[in-house]
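What the coordinates show
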Amino acid sequence: MSKTRRIETTVELVRILVAIGIAYGIALVTLFAISDDPVYVIRQFVLGPFSSVRRVGSIINLAIPFTFTGLCFCFVYAVNKFNLSGEGIFMFSGCIVSLTAISLGGAGLPTPVMLMILLAVGAIVGFLVSLIPAWLDVRFKANIVVVSLMLNSILAFLSIWVLKYFMRDPSIGSLGSYMIPESAKLPMIFGKFRVQSGFFVALIAVAFVGVLFYKTIFGYKMRVVGSNPNFAKASGINMNGTIILAQLVGGIFAGMGGTCEILGNYDRYKWVVSTQHGFDGLMVAVLARKNPILVPVAAILLAYIRIGADVVNSKGDIPIEFITVIQGIVILLVAAEEFMGRYKKKLIYKAAQKEIKMDREKEAKEILAENAAEAGKESVE
């Protein structure tokens with residue numbers, strides 16, 4: 001990683017932490033002002049998520065879908081196209097994967113084979129669905145935000161229709177599918193923490209996307225197309241192809257996120273309303289500043305805030321909607337380009353000056369060495 005890239009990554013991480021700190025400061029002051037027992041509520045809000053092994057496991061489990069959808073939106077942001085279909089893809093992929101798992105339940109497939117098939121199904125669903133708004137945008141100049149939002153509604157109702165007419169279990173009182181076969185479930189790991197093993201899939205996905213973004217030609221093309229389209233055109237980059245492919249790859253990760261969520265945390269498919277994990281991924285990508293390496297950090301932070309809100313809601317007198325205020329403050333600060341921007345520029349400038357000074361010193365030493373060598377030769381002659 002170059003020195004400039006390291007500085008940018010470090011400053012972005014500090015920006016996130018400072019934004020969280022400011023939001024927490026405002027939240028704590030507000031809690032102190034409106035709560036009947038502010039000290040207890042604040043303690044529960046800050047320390048509650050770490051008060052038991054189960055809650056720590058819940059933070060990690062909640063961060064897993066945030067990570068997948070955050071990676072999805074990193075691709076969308078990279079090419080500067082606000083395709084919001086990750087929300088619908090997450091729900092619909094969970095539906096189709098559940099249907100596939102139930103259909104293959106009697107085939108007697110080993111667990112590793114079954115899981116590989118289902119992950120592939122989720123990825124394919126994400127790939128195909130994300131193609132719709134991406135193609136309409138490029139081919140017909142459709143407003144991709146409107147198209148993707150409408151597509152989310154279509155996918156939500158389509159998922160409910162598939163649930164009702166193709167896999168509904170009539171033996172239960174609520175609307176739900178037949179049981180997902182044991183061979184199709186992601187096993188729990190880390191003992192009492194009970195973290196679903198989609199955790200490892202998410203880590204592999206982050207590593208893969210990090211390499212793709214910063215070590216491949218395609219990653220470079222994406223970033224150039226998003227940041228400087230005029231330069232991309234002048235360089236001969238296939239603009240439309242890069243824009244579409246980036247959204248398709250992003251859709252794959254949203255689909256895998258829905259797959260891991262349904263197979264890791266549910267016994268049957270019961271999503272009859274939107275999970276909102278797609279839009280959570282949008283917040284994670286904003287917090288991570290489009291950097292896939294920072295996505296897990298942002299996902300953990302958002303999950304920690306959410307679990308803290310649940311604890312306060314269950315044990316205090318503060319409604320869970322209060323957490324929306326905190327999220328809004330964090331997003332406003334992180335999305336502000338100039339928030340700590342001057343500090344980042346100053347560090348980059350100092351690093352550049354230091355590097356130039358070192359290069360000059362190195363060049364001077366080389367010249368002196370050459371002069372000394374030439375003087376030695378002349379003295380010998």
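This section reports on the structure supplied with the text. Everything numeric here is computed off the predicted structure, so don't read it as measured data. (Residues numbered from 1 in each chain as written. Predicted model: local features only at pLDDT ≥ 70, side-chain atom pairs only at ≥ 80, totals over all residues. Heavy atoms only, no water.)

1. Section: the overall build of the chain
Across its full length, the chain holds 14 helices and two strands. Referenced to the eigenvectors of the C-alpha coordinate spread, the extents of the chain come out at roughly 105 × 55 × 45 Å. Within the chain, buried positions represent 47% of all 381 residues. Sequence-distant contacts in the chain: of pairs separated by 6 or more residues, those separated by 24 or more amount to 76%. A total of about 19,000 Å² of accessible surface is found on the chain, and carbon and sulfur atoms cover 66% of it. If you average the places of the 36 positive and of the 25 negative side-chain charges in the chain, the two averages end up 4 Å apart. (Helix = DSSP H or I, 4+ residues; strand = E, 2+ residues; numbered from the N terminus. Buried < 20%, exposed > 50% of the residue type's maximum accessible area, 1.4 Å probe, protein only. Contact = heavy atoms within 4.5 Å. Areas by Shrake-Rupley, 256 points an atom, 1.4 Å probe, with all protein chains shown as cover. Lys, Arg positive; Asp, Glu negative; His and termini not counted. Charge placed at Lys NZ, Arg CZ, Asp CG, Glu CD.)

2. Brief notes about the packing of aromatic side chains
Here a ring pair, both rings aromatic, is described through the centre-centre distance and the interplanar angle of the planes. Throughout the structure, instances matching the rule amount to 15 aromatic pairs. For the pair Trp135 and Phe140, a centre-to-centre distance of 5.3 Å together with 85° between the ring planes defines the contact as edge-to-face. Taken together, a centroid distance of 5.1 Å and an interplanar angle of 70° make the contact between Trp161 and Phe166 edge-to-face. Among the residues examined, Trp161 registers a relative accessible area of 42% and is labelled partly exposed. Taken together, the aromatic side chains of Phe75, Phe208, Phe213, Tyr214 and Phe253 make up a single cluster linked through ring pairs. (Phe/Tyr/Trp six-rings, centres within 6.5 Å; stacked < 30°, edge-to-face > 60°.)

3. Some remarks on the packing of helix H7 (residues 198–215) against helix H8 (residues 217–227)
How two helices sit against one another is set out by the angle between their axes and by the gap between those axes. Where H7 contacts H8, the axes come no closer than 5 Å and their chain directions differ by 70°. One finds that H7 runs roughly perpendicular with respect to H8. When H7 is examined against H8, the residues Leu212, Phe213 and Tyr214 are found in contact with a partner set consisting of Phe218, Gly219, Tyr220, Met222 and Arg223. Across the contact of H7 with H8, the residue classes tally to six nonpolar, one polar and one charged. (Axes fitted to C-alpha atoms, helices over the stretch in contact; angles between N-to-C directions. Parallel < 35°, antiparallel > 145°, perpendicular 65-115°, else oblique. Nonpolar A, V, L, I, M, F, W, Y, C, P; charged D, E, K, R; others polar.)

4. Here we look at a negative patch on the surface
On the surface, Glu355, Asp359, Glu363, Glu366 and Glu370 cluster together into a patch of negative charge. Looking at the secondary structure, you find Glu370 in helix H14 (residues 341–380). (Patch = residues over 30% accessible without salt bridge, like charges linked within 9 Å, V, L, I, M, F, W, Y side chains within 5 Å. Salt bridge = Lys/Arg side-chain N within 4 Å of Asp/Glu carboxyl O.)

5. Points about the packing of H8 against helix H10 (residues 239–265)
For the pair H8 and H10, the least separation of the axes is 10 Å and the interaxial angle reads 105°. Between H8 and H10, the crossing angle belongs to the class labelled roughly perpendicular. Residues Phe218, Lys221, Met222 and Val225 of H8 pack against Met239, Thr242, Ile243, Leu245 and Ala246 of H10.

6. Here's the deal with the state of the cysteines
The tally for this structure, following the rule as stated, stands at zero disulfides. Free of any disulfide, Cys74 has its nearest cysteine sulfur in Cys72, 9.1 Å distant. The cysteine Cys95 is free of any disulfide, with Cys260 supplying the nearest cysteine sulfur at 17 Å. Accessibility expressed as a relative area gives 0% for Cys95, which makes it buried. (Disulfide = S-S within 2.5 Å.)

7. With respect to the side chain of Ser98
As for its placement among the helices and strands, Ser98 is situated in helix H4 (residues 86–104). Its relative accessible area of 0% is what places Ser98 among the buried residues. Setting aside anything within four residues of it in sequence, one finds Ser98 in contact with Met167, Ile180, Ile262 and Tyr269.

8. Observations regarding the environment of Ser197
Within the element layout of this structure, Ser197 appears in the loop between strand E2 (195–196) and H7. Judged by relative accessible area, which is 12%, Ser197 ranks as buried. Those residues within four positions of Ser197 in sequence are excluded, and the remaining contacts are Leu186, Pro187 and Ile189. At a separation of 2.9 Å, a polar atom in the side chain of Ser197 contacts the main-chain carbonyl oxygen of Pro187. (Polar contact = N/O pair within 3.5 Å; in protein donor to acceptor, adjacent residues only side chain to side chain.)

9. Concerning the pattern of salt bridges
Within this structure, the stated rule accounts for five salt bridges. For Asp137, the salt bridge is made with Lys81, and the minimal N-O distance between the two is 3.2 Å. Taken together, the residues Asp137 in helix H5 (residues 111–140) and Lys81 in the loop between helix H3 (53–78) and H4 connect sequence positions 56 residues apart. One continuous salt-bridge network, built from bridges that share partners, spans Glu182, Lys185 and Asp267.

10. Let's talk about the nonpolar core
Ranked by internal contacts, the top residues of the largest apolar core, which has 101 residues, are Phe75, Met222, Phe253, Leu263, Tyr269 and Ile326. When residues of this core are assigned to their parent elements, the largest contribution, 14 residues, is made by H3. (Core = buried A, V, L, I, M, F, W, Y, C linked by side-chain atoms within 4.5 Å.)

11. Describing the environment of Val224
Position of Val224 among the secondary structure elements: in helix H8. Residues Val224 and Ser235, eleven residues apart in the sequence, show an inter-C-alpha distance of 9.8 Å. Look past the residues within four positions of Val224 in its chain and what remains in contact with it is Pro229, Phe231, Ala232 and Ile237.

12. Some thoughts on the side chain of Gln44
Mapping Gln44 onto the fold places it in helix H2 (residues 38–47). By relative accessible area, which is 13% here, Gln44 ends up buried. Not counting residues up to four positions away in its chain, the partners in contact with Gln44 are Pro49, Val311, Val312 and Lys315.

Geometric values such as these leave the question of function open.
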